[in-house]
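What follows is the residue order along each chain.
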Amino acid sequence: MTGQHQPTTVGQLPTPTTTDSRVAGALTRVVWALWIVSLAVVAVRFGANEAWAVSGLVAVDGLTVVMWASVTFLSGIVHSYSRRYMAGSETVDRFFAAVFAFTLVVMVLVAADSMLLFGLSWLAMGLLMAELIGHVDDWPQARAASTLARRYFLASSVALGGSLAVLWVETGATTISGVAANVGKPTTALVIAAAGLVLAAMVQSALVPFHTWLLSSMTAPTPASALMHAGFVNAGGILLVRFAPVVTVDAGIMLAIMVVGATSALLGKLLKTVQTDVKGGLGCSTVGQMGFMILQAGLGFFAAAVTHLILHGFYKAYQFLSSGSQVDHESPAATKTARSSGPVEYLVIAVTGLAGGAVFALLTGKGTKLGGGLLLTALVVLTVLHATRELTAYGSLPATVRYGAVPLVALPAIAAYAGVYRIVDGLLADLPAVGEPMPLTAVHVVVAGAFLVAYLVIESGVYRRSTRLYVAFVNATQPASETLLTSTEDYNEY
C-alpha cells in the first residue's frame, strides 16, 4: 500500500529431499543421444539422392531430418532444464514421460508417409500437449486450460481427418507421396481438402481467431510452455509443407493462406503491446511469429517458413526458459521509460533495415528480380527495422556506440539467417511443390501494401490514441476466465 516501505523477502526454494528421478535422467540422456543420431542422419542425407522409406508407412526426406535435428535439440534443452525445475515434484516421472512421448510423436509425425499414421500422430501430439498444459492436477485452472486446449486440438484433428478422407476418396492414395503424385487440376474436392488443411494449421499454430487456447495455457510448467511455443505451434507450418501439392493446387487457397498469415502477424504484434505480464507478451509474440511463418508459406516460400519456425523455436524456447529473469524487481517509478527518437536514430534504423534486405537478397538470390521474392525480402527488411528499433529505443550506452553496434549485430544475424535458409532450401529440394513460389500478382501487391501501411501505423503508435482499440486489444488477449490464476495462494506450493 502507498506509504508502506516494508521490504519483501523472497526466500530460496527449499532443496528437494528426494533423490533425482532416474526416469528424468535416463530420458534426458536418450533425447541427447537421439539428437546426435539426428545430426549424423542430416550429414548422410546431404549426400543421398533420394529419401529412405518404408513403403506406405514412413519416408525420411529432407524435411524429416532437419526437423529431427531441431526437435531433439529443443527437447534435450527442455529435458535438461526440467531436471532442476521439476526436482522434488511427486509427478516428475509423469512429466518427463509426457515430454519424451511428445518428442517421439513429433518425430513420427515429420517422418510419416501414411496418411493414417500422420493423422494419428497429429491427434496424439495434441492430446499430449493438453496433458502437459494441465499437468498440475491440484489447480482447477490448469484442468480448465487443459480441457480448453484439448477441444481446440480435437477440432484441429477433425479438420485434418476430414481433409485426409477427402484426399483418399479423390486420389485413391493412402500415402502423402501418393496424394502428391495424383494431384492434378484443381477440383472442388481438392479445394475443400486444402481448406481443411489450412484450418487445421491455423488452430494448431494458434493463429487469430484461434489464439485463445495458447493465451489460456499459462498454467503449464515453464518447460512445457517452452516446448509448446518452440515446437508444438510449428506443426501448422509442417502440415502445409507436407501437403504443399494440395494447398498450391489453387491460387486462391495460397492467397487465403497469405492473408490469414499477415492478419495474425499484425494482430499478434498489436496484442503484445497491451500485455503487462512476461509470459502473456511471449504468447502474443508467438501468435504474430506463427503468422509470419504461415505468410511465408502462402507466398510459396516453404523453405523460408521452415527456416522461420526453426530459428523462432530456438529463440522462443530461450525466452520462456529465461522468462523469470525478465521481471523487473523495482518499483514502477524506477522503471525505465522509452526515449524519444531523433533523426539520427531513424536514419540508422532505415539504413540497417535496407542493408539487411540487401544482404539477404544477395546471399539467397531472392528479391533480386521482379517476383514473389521481392515480398519475402520486404518481410526481412520489416523484421530488421523492427529489431533495430527495439535495440535503439533503450540502452545506457552512448548513442555513438549504440548506433554503431546495431548494424554490426543485425547484419551478421541476417547473413546467418540467409545461410540457414540456403541449407534448409537444399534439404527440401526433393519435396514436391515446395520450390515453386507463387507468381506476383496485383492482389499480392495490394495485400503487401496494406500490410506495410498497417505495420507503419503500429510502429508509429498512432493506434494508441484510440481508447476503443486499446479495450478491444485487451479483450482479445484475455484468457478464458476459468483458467486465470488470480491469487498467489493458488500456486504457492510452499
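Residues numbered from 1 in each chain as written. Predicted model: local features only at pLDDT ≥ 70, side-chain atom pairs only at ≥ 80, totals over all residues. Heavy atoms only, no water.

## Digging into the nonpolar core
In this structure, Met67, Phe243 and Val247 are the most contacted members of the largest nonpolar core, which totals 134 residues. Looking at which element gives the most residues to this core, the answer is helix α3 (residues 92-111), with 13 residues. Not counting residues up to four positions away in its chain, the partners in contact with Val247 are Ala194, Leu197, Val198, Leu240, Ile253, Met254, Ile257 and Phe302. (Core = buried A, V, L, I, M, F, W, Y, C linked by side-chain atoms within 4.5 Å. Buried < 20%, exposed > 50% of the residue type's maximum accessible area, 1.4 Å probe, protein only. Helix = DSSP H or I, 4+ residues; strand = E, 2+ residues; numbered from the N terminus. Contact = heavy atoms within 4.5 Å.)

## Looking at the packing of helix α1 (residues 22-46) against α3
Remark: α1 packs on α3, axes separated minimally by 9 Å, with the N-to-C direction vectors making an angle of 20 degrees. Taken as axis vectors, α1 and α3 run roughly parallel relative to one another. Both α1 and α3 take part in a crossing whose hand is left-handed. Contacts from Val23, Ala24, Leu27, Thr28, Val30, Val31, Leu34 and Ser38 of α1 reach α3 at Asp93, Phe96, Ala97, Phe100, Leu104 and Met107. (Axes fitted to C-alpha atoms, helices over the stretch in contact; angles between N-to-C directions. Parallel < 35°, antiparallel > 145°, perpendicular 65-115°, else oblique. Left-handed = near helix turned anticlockwise from the far one by under 90°.)

## Structural notes on the pattern of salt bridges
For the structure shown, the criterion picks out two salt bridges. Between Asp61 and Arg242 there is a salt bridge; the shortest N-O distance is 2.8 Å. Of this pair, Asp61 sits in the loop between β2 (58-60) and α2 (62-85) while Arg242 is found in helix α10 (residues 235-242), placing the two residues 181 residues apart along the sequence. Glu131 is the partner of Arg94 in a salt bridge, and the nearest nitrogen-oxygen pair spans 2.5 Å. Of this pair, Arg94 sits in helix α3 while Glu131 sits in helix α4 (residues 115-133); the two residues are 37 residues apart in sequence, bridging distant segments of the chain. In this structure Glu131 comes out as partly exposed when scored by relative accessible area, which is 30%. (Salt bridge = Lys/Arg side-chain N within 4 Å of Asp/Glu carboxyl O.)

## Points about the packing of α2 against helix α14 (residues 302-321)
Two elements in contact, α2 and α14, have axes whose closest approach is 11 Å; the angle formed by their N-to-C orientations is 0 degrees. What the angle tells us is that α2 and α14 run roughly parallel. Residue-level contacts link Leu63, Val66, Met67, Ser70, Phe73, Leu74, Ile77 and Tyr81 of α2 to Val306, Leu309, Ile310, Gly313, Phe314, Ala317 and Leu321 of α14. Among the residues making up the contact of α2 with α14, the classes are represented as 13 nonpolar, two polar and no charged. (Nonpolar A, V, L, I, M, F, W, Y, C, P; charged D, E, K, R; others polar.)

## Some remarks on helix α5 (residues 140-171)
The end-to-end C-alpha distance of α5 is 46 Å, a good match for the 46 Å that 32 residues give at a rise of 1.5 Å each. At the C-terminal side of α5, Gly172 shows a positive phi close to 75 degrees. (Expected span 1.5 Å × (residues − 1).)

## A few points about the packing of aromatic side chains
Applying the stated criterion across every chain yields a total of 14 aromatic pairs. Aromatic side chains Trp35 and Phe73 sit 5.4 Å apart centroid to centroid with 50 degrees between the ring planes, which places their arrangement in the tilted category. A residue pair is termed long-range when its members are at least 10 positions apart, and Trp35 in helix α1 and Phe73 in helix α2 qualify at 38 residues. Take Trp35: its relative accessible area is 24%, and that puts it in the partly exposed class. (Phe/Tyr/Trp six-rings, centres within 6.5 Å; stacked < 30°, edge-to-face > 60°.)

## Let's talk about empty space enclosed by the protein
Evaluation of the coordinates by the stated rule reveals two cavities of 30 Å³ or more. The space that makes up the largest cavity amounts to roughly 200 Å³. Surrounding the largest cavity, 20 residues form its lining, Met67, Val71, Val106, Gly231 and Asn234 being those nearest its centre. When contributions to the lining of the largest cavity are tallied by element, the ones reaching two or more residues are α2, α3, α9 (222-230), α10 and α14. Considering only residue class, the lining of the largest cavity consists of 15 nonpolar, five polar and no charged. Considering only enclosed or pocket space, the second largest cavity measures out at about 30 Å³ in volume. Forming the walls of the second largest cavity are Ile176, Val179, Ala180, Arg242, Phe243, Pro245 and Val246. (1 Å grid on protein atoms, 1.4 Å probe; cavity = no way out; pocket = protein on both sides within 12 Å on 5 of 7 lines; lining within 4 Å. Points joined across faces, edges and corners; volume = space filled by probe spheres on them.)

## Comments concerning the confidence of the model for the protein chain
Model confidence for the protein chain is summarised by a mean pLDDT of 82, while 85% of its residues fall at 70 or above. Across residues 1-18 the pLDDT falls below 50, and counting only partners more than four positions away or on other chains, this stretch makes six contacts in the model. (pLDDT = per-residue confidence, 0-100.)

## Points about the side chain of Arg242
Here Arg242 falls in the buried class, since its relative accessible area comes to 9%. Here the side chain of Arg242 touches Asp61 through a polar contact of 2.8 Å, side chain to side chain. Engagement of the side chain of Arg242 in a polar contact is seen with the backbone oxygen of Val110, the distance being 2.6 Å. Leave out the neighbours within four places in its chain, and Arg242 touches Ala59, Asp61, Leu63, Thr64, Val110, Ala112, Phe118, Ile176 and Leu431. (Polar contact = N/O pair within 3.5 Å; in protein donor to acceptor, adjacent residues only side chain to side chain.)

## Regarding unusual backbone geometry
With an omega of 10 degrees, the peptide bond running from Val208 to Pro209 counts as cis. Position of Pro209 relative to the elements: it lies in the loop between α7 (188-204) and α8 (212-215). Positioned with a positive phi, Ala206 is a non-glycine residue whose angle comes to about 60 degrees. With respect to the helices and strands, the residue Ala206 is situated in the loop between α7 and α8. You can call Ala206 buried: its relative accessible area is 0%. The phi angle at Ala433 is positive, at roughly 70 degrees, despite the residue not being glycine. Relative to the helices and strands, Ala433 is located in the loop between α17 (399-427) and α18 (442-460).

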